[in-house]
Amino acid sequence: MSYKAIIGFFTIAVLVLVFGFSDQQTDIKTAPEFPADIKVASGYGFLMANKGSHSVALYAQGFGQPIKVWIFDEAPTGLATLGDFAFITTFGSSGKVHFLNLKSGEVETVLAAGSGATSPVVSPDGQSLFVLNQFLNTVIRIDLKSRQIVASAEVLREPRCAVADGKYLFVANFLPSGRADLDTVAACVSVIELDGFTKVKDIMLSNGSNALRGMCLSPDGKYVFVTHNLGRFQVPTNQLQQGWMNTSAMSIIDVETLEKAGTVLLDEPERGAAGIWGVNCTSDKIVITHSGTHEISVIDYPAFLEKFQNHPDPHSLDYDLGFMFGIRTRVPLVGNGPRNFVISGENAIIPTYFSDTLNIVNLADHRIETIAMVENRIESRVHKGEKIFNDASFCFQNWQSCNGCHPGDARTDGMNWDLMNDGIGNPKNCKSLLYSHVTPPSMISGIREKAEIAVRRGFTHIQFAEIPEDLALCVDEYLMSLRPVPSPFLVNGNLSEKAERGKKVFERLNCGYCHSGPYFTDMQMHRIGDDIEFENGWDTPSLVEVWRTAPYLFDGRAATLEDVFAVHRHGINKEVSDTEIKELVEYVNSL
């Protein structure tokens with residue numbers, strides 16, 4: 001049966017029949033789904049998690065109308081399957097794991113996980129489920145027989161994806177941890193030994209590695225492939241050619257030695273492959289999605305392996321834009337923003353996040369069949385702004401999008417950048433864009449009067465592209481729509497006893513003199529510290545969601561908030577004990 005012959009995704013008839021949503025027909029028919037994950041459910045078909053509608057839909061092999069749709073209170077963040085069961089992580093204000101019996105169609109168990117619960121992984125022996133708590137920086141192990149959490153391990157920073165072999169669980173930390181004013185700043189892959197569930201190693205990737213988004217085992221099980229951005233933070237942002245600012249990379253981890261074997265680039269000398277995301281393998285191919293350039297890379301694995309293993313210096317490949325010549329085909333997709341995907345037989349099944357278009361790519365001949373997953377789809381201006389923010393089409397030679405320096409929903413990449421708007425040779429730590437439009441001025445130096453100016457200058461001087469004003473306004477609307485993630489330091493939405501004591505320390509030290517109001521900033525410039533670069537000092541940053549924006553101070557010299565107060569004595573003008581500093585940190589982390 002031809003995929004093209006099967007249409008009619010998410011029709012009102014099916015949804016009304018299943019859920020009785022007759023009073024929401026227009027919204028359901030036209031609202032974007034934003035597919036976040038897709039998995040094969042053996043014997044049942046395909047499961048697709050949709051962030052937009054907080055739903056998981058089950059489709060038969062032909063991708064017609066969904067067989068069944070389950071609606072959740074919060075957005076699904078990941079899927080895993082085993083036999084008759086699907087395991088769905090959700091997160092909004094709290095993280096949960098849902099045990100869905102596909103045979104009965106019932107959610108049998110809902111288990112509290114942790115803040116940012118995402119990316120469930122079934123152990124190779126089928127006995128355990130691993131869930132990543134992105135904002136708690138932990139990985140939990142759930143016994144599938146008792147359906148209870150039996151172990152937890154700490155990793156470094158924002159675990160986002162993982163893969164397991166028979167001995168280890170490899171966990172990709174989304175962002176670098178530690179100071180940003182060092183010569184080497186890079187995210188790591190944490191390795192958890194399954195026997196005992198203990199972290200045994202953190203494998204640092206190439207300098208500038210951040211935004212780790214995809215991970216899989218090689219076809220022969222000898223390597224772990226990790227897709228990520230590679231930021232060239234050591235140089236000023238005065239050009240884009242040859243991947244001067246950002247490149248898209250895949251790191252190779254040797255499973256036996258637990259060492260980084262090398263890093264290869266997916267870009268070409270005059271054409272970037274921005275927004276690198278998901279990665280999966282067949283017996284003879286590596287397939288990678290590029291969410292910023294709306295395509296996939298199909299790599300000949302035997303040829304890749306031969307070329308990589310015979311290279312005289314594989315650790316130099318993170319600057320080689322020609323390595324993929326002759327072994328990789330770039331296949332353009334229909335739609336915008338391919339992210340997570342699944343391989344079934346000879347086909348790659350790839351949803352596009354920003355257009356709800358399903359691409360079914362034959363990996364042998366690269367033929368593509370497409371299905372519109374939402375008929376009569378209506379895109380709001382906020383959604384359009386988010387799409388533009390993530391789209392490398394608005395960048396010279398497609399090297400990057402705004403997401404390149406502000407991954408994770410327009411937050412920070414944890415690195416310092418030497419922008420050209422305030423001189424050269426004076427790098428500053430990348431800021432989160434949360435509440436940037438309501439807390440002027442913009443940039444750490446306050447060089448931009450307001451965020452609207454910074455957005456437009458970002459396209460002109462960072463993307464080296466012009467953007468129509470109406471589209472820039474859409475980006476403004478997207479950024480203004482951002483809301484903070486509830487702090488993982490809160491207890492049932494309230495300050496802990498320790499944080500309550502820290503609030504009193506905050507008040508006694510008069511921190512509110514600068515960090516005041518609903519955003520905890522007076523939106524003024526202050527001369528603080530010994531090495532003030534500009535006459536007016538530094539812009540006062542918001543403390544909302546500050547727990548998420550490490551490292552701290554203008555050049556990222558403070559790895560943690562405790563370093564801010566205990567080492568650098570920021571705002572500490574009275575005698576305070578070590579205990580009081582810890583309490584102060586707890587309070588500020590709770591904002």
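Calculation rules
- Residues numbered from 1 in each chain as written.
- Predicted model: local features only at pLDDT ≥ 70, side-chain atom pairs only at ≥ 80, totals over all residues.
- Heavy atoms only, no water.
- Salt bridge = Lys/Arg side-chain N within 4 Å of Asp/Glu carboxyl O.
- Helix = DSSP H or I, 4+ residues; strand = E, 2+ residues; numbered from the N terminus.
- Buried < 20%, exposed > 50% of the residue type's maximum accessible area, 1.4 Å probe, protein only.
- Axes fitted to C-alpha atoms, helices over the stretch in contact; angles between N-to-C directions.
- Parallel < 35°, antiparallel > 145°, perpendicular 65-115°, else oblique.
- Left-handed = near helix turned anticlockwise from the far one by under 90°.
- Contact = heavy atoms within 4.5 Å.
- Expected span 1.5 Å × (residues − 1).

Caption draft 1: Structural context of the pattern of salt bridges. Applying the stated criterion across every chain, the model contains 27 salt bridges. Among the ionic pairs, E268 bridges to R271, the shortest N-O distance being 3.8 Å. Among the ionic pairs, E295 bridges to R271, the shortest N-O distance being 3.3 Å. Here E295 is found in strand β23 (residues 295-300), whereas its partner R271 is found in the loop between β20 (259-265) and β21 (276-281), with 24 residues between them in sequence. We classify E295 as buried; its relative accessible area is 1%. Counted as one network, the salt bridges with shared partners bring together E158, R411, E545 and R548.

Caption draft 2: Geometry of the packing of helix α6 (residues 451-461) against helix α7 (residues 469-481). Interaxial distance between α6 and α7 falls to 10 Å at its minimum, and their mutual angle equals 125°. Taken as axis vectors, α6 and α7 run oblique relative to one another. Once α6 is placed against α7, the crossing between them reads as right-handed. Within the contact between the two elements, α6 uses E452, V455, R456 and F459 and α7 uses E469, A472, L473, V475, D476 and L479.

Caption draft 3: Fine view of helix α10 (residues 578-589). The first and last C-alpha atoms of α10 sit 17 Å apart over twelve residues, in line with the 16 Å expected at 1.5 Å per residue. Of all the residues in α10, the buried ones are I581, E583, L584, V585, E586, Y587, V588 and N589. Buried residues along α10 sit against α8 (497-508) and α9 (561-567).

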